[in-house]
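The residues making up each chain are set out below.
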Amino acid sequence: MKYTQLGRTGLKVSRLVLGTMNFGPQTNEADSHAIMDTALGAGLNFFDTANVYGWGENKGRTESIIGNWFAQGEGRRDKVVLATKVYGNMGADGPAWPNHDKLSAVNIRRAVDASLKRLQTDYIDVYQFHHIDRDTPFDEIWQAIDVLIQQGKILYVGSSNFPGYKIAQANEIAARRGGTIGLVSEQCLYNLAERRAEMEVVPAAQEYGLGVIPWSPLHGGLLGGVLKKEVEGKRRASGRAADALNDAGTRAQIQAYEDLLDKHGIEPGEAALAWLLTRPGVTGPIVGPRTAEQLASAVRASELELSEELLTGLDEIFPGPGPSPEAFAW
């Protein structure tokens, strides 16, 4: 497994990030623990979760599964760079009780303590804002974060789903306050089929020294060989992938993608992950395996070297927006 620095920090993380969103809703605790053991054995040291994972009445369940795994000992916690998130309503579905969601100082304090308890640890390596908070000023957010860092409860701070201007605003205010590290990572939707992040988010992250952590690297399965699996009767597309394939143009695009990779003898899902690892500013994509086989495929992808011919072919099928600001200005 290859490693890199997380943005401008000295923190070394694997170039694949283990996503845990399936732990609980789709993968039971025993299998989740086995996947984490296998991931650690393969060299993945960067694990990502969120306080709301588990969803519905089971919000927090995923963090608890990870916490039970840490409690087994044998150096598990010390070997892992742990990232979790704050923002969502942790109560029952429906409107949140006042001050029980988003990024107010009071909710950040409450949420981090609850996450630490579920995760059975005394610190979080990377504490991430799951969404922008339009109501809370960054001065308040950074004041709350400074206290948590001083208490040793968190070490670094990242963002998720932030537009470029909010990354800039957050870090400019952090710099103005002095002594506040600011954002060190941004977790965003980014893959071959969805490259809008290249217009503003990725450039902002690079300018401010944030590591980019793409989520949904296979775009909901669309880039994972979905048409081939349909033909072979292995699995039918669902969710985002099924909706996209209803469009004839998108279906033709995915067919061209799968045909190109078949020509090069590479599995589509592995190529999509390997492509992200070639992109400037990318720390590593989040992979959310439901099985050990899916994890093994992701590890193979991290070792792939894509030829210039193949990279050019992928760009022809999935053209990016081009450099910013020319992409939207001219």
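Residues numbered from 1 in each chain as written. Predicted model: local features only at pLDDT ≥ 70, side-chain atom pairs only at ≥ 80, totals over all residues. Heavy atoms only, no water.

Caption draft 1: Expanded view of helix 1 (residues 29-41). When the terminal C-alpha atoms of helix 1 are compared, their 18 Å separation across 13 residues agrees well with the 18 Å that a helix rising 1.5 Å per residue should span. All of the buried residues in helix 1 are Ser-32, His-33, Ile-35, Met-36, Ala-39 and Leu-40. In an axial view of helix 1, the angular spread of the buried residues amounts to 160°, which keeps them on one side of the axis. In helix 1, the exposed positions that point more than 90 degrees away from the buried face belong to Ala-30 and Gly-41. (Helix = DSSP H or I, 4+ residues; strand = E, 2+ residues; numbered from the N terminus. Expected span 1.5 Å × (residues − 1). Buried < 20%, exposed > 50% of the residue type's maximum accessible area, 1.4 Å probe, protein only. Arc of directions from axis to C-beta.)

Caption draft 2: Structural detail: the environment of Ala-244. With respect to the helices and strands, Ala-244 occurs in helix 9 (residues 239-245). In this view, Ala-244 contacts Leu-222 and Thr-250; residues no more than four positions away in its chain are not counted. (Contact = heavy atoms within 4.5 Å.)

Caption draft 3: Quick peek at unusual backbone geometry. Following Ser-324, the chain continues into Pro-325 via a peptide bond in cis, with omega recorded as 10°. Mapped onto the fold, Pro-325 is located in the loop between helix 13 (308-317) and helix 14 (326-329). The phi torsion at Lys-102 lies on the positive side, around 65°, for a residue other than glycine. In this fold, Lys-102 is placed in the loop between strand 5 (81-86) and helix 4 (105-119). The phi angle at His-219 is positive, at roughly 50°, despite the residue not being glycine.

Caption draft 4: The layout of surface pockets, seen in detail. Estimated volume of the largest pocket: approximately 1700 Å³. When residues of the lining of the largest pocket are traced back to their parent elements, those giving at least two are helix 8 (226-232), helix 9, helix 11 (268-276), strand 10 (286-287) and helix 12 (292-302). Grouping the constituent residues of the lining of the largest pocket by class yields 16 nonpolar, 20 polar and 14 charged. (1 Å grid on protein atoms, 1.4 Å probe; cavity = no way out; pocket = protein on both sides within 12 Å on 5 of 7 lines; lining within 4 Å. Points joined across faces, edges and corners; volume = space filled by probe spheres on them. Nonpolar A, V, L, I, M, F, W, Y, C, P; charged D, E, K, R; others polar.)

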